[in-house]
Amino acid sequence: MDKDQDKRRAFDKLPHLVSNRILSLGLQTNSICILCNLADETRDHLFFDWNFSSMIWEALARKARCSPISTCPQLLQYLQQRSCPKPERILGLLTWQVAMYYTWTERNSRLHRQCYRSSNSITVSAAAMIRNKISSFRDSNPRLASAMFQLWVSS
Ligand SMILES: [Zn+2]
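As the structure is a prediction and not an experimental result, all values here were calculated from the model. (Residues numbered from 1 in each chain as written. Predicted model: local features only at pLDDT ≥ 70, side-chain atom pairs only at ≥ 80, totals over all residues.)

Between helix α3 (residues 51–63) and helix α5 (residues 86–113), the shortest axis-to-axis distance is 10 Å and the interhelical angle comes to 155 degrees. With respect to α5, the axis of α3 lies roughly antiparallel. Read as a crossing pair, α3 and α5 show a hand that is right-handed. For the pair formed by α3 and α5, the contact residues are Ser53, Ile56, Trp57, Leu60 and Ala61 on the first element and Thr95, Ala99, Tyr102 and Thr103 on the second. Residues that form the contact of α3 with α5 fall into these classes: 6 nonpolar, 3 polar and no charged. (Axes fitted to C-alpha atoms, helices over the stretch in contact; angles between N-to-C directions. Helix = DSSP H or I, 4+ residues; strand = E, 2+ residues; numbered from the N terminus. Parallel < 35°, antiparallel > 145°, perpendicular 65-115°, else oblique. Left-handed = near helix turned anticlockwise from the far one by under 90°. Contact = placed C-beta atoms within 7 Å. Nonpolar A, V, L, I, M, F, W, Y, C, P; charged D, E, K, R; others polar.)

Glancing now at the environment of threonine 71. Position of threonine 71 among the secondary structure elements: in the loop between α3 and α4 (74–81). Spatially, the C-alpha atom of threonine 71 lies 7.6 Å from that of aspartate 44, the residues being 27 residues apart in sequence.

Attention now moves to the packing of α5 against helix α6 (residues 119–136). How two helices pack is summed up by the angle between their axes together with the distance between the axes. For the pair α5 and α6, interaxial distance at closest approach is 10 Å and the crossing angle is 135 degrees. As the angle between them shows, α5 and α6 are arranged oblique. The hand of the α5/α6 crossing is right-handed. Residues Leu94, Thr95, Val98, Ala99, Tyr102 and Glu106 of α5 form the contact with α6, whose participating residues are Ile122, Ser125, Ala126, Met129, Ile130 and Lys133. Here the contact of α5 with α6 is built from residues that sort into 8 nonpolar, 2 polar and 2 charged.

Taken residue by residue, the chain gives an average pLDDT of 85. The fraction at 70 or more is 81%. The least confident element of the chain, judged by mean pLDDT, is helix α1 (residues 3–24) at 58; the most confident is α6 at 97. (pLDDT = per-residue confidence, 0-100.)

So, in structure tokens, the structure goes:
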């Protein structure tokens, strides 16, 4: 199995991981999405169907010059295989990772701390993280970092 397939399988399991673990401890939980109470909490629901996560992703995707596809696996395939210069492709992947990270963090903070943020506030934090990540490439690959930075700030 190649590395991408491996990562995808881990990604497929993500949203059920936590609730399955709780169930195995004999504690009561259910699989309903705690964010909207309207659907089962699956990966596709959390990262794609949930209006909140798509607003974050669409705003960031626009800035990263990605097509804001919001269906899986079409998006993953698009991000990995789009034919564009490398800085643009890496920026797209980075942006998607950061969008997922913030969606997952928001889900956890609502679940465990009853702490809610707006999608705008999250998008601002996510954009700052993307900027920092790009800067962190500067030592190892200054040309790539500079090209990604240009793309990010010029859109
Ligand atoms: Zn939901």
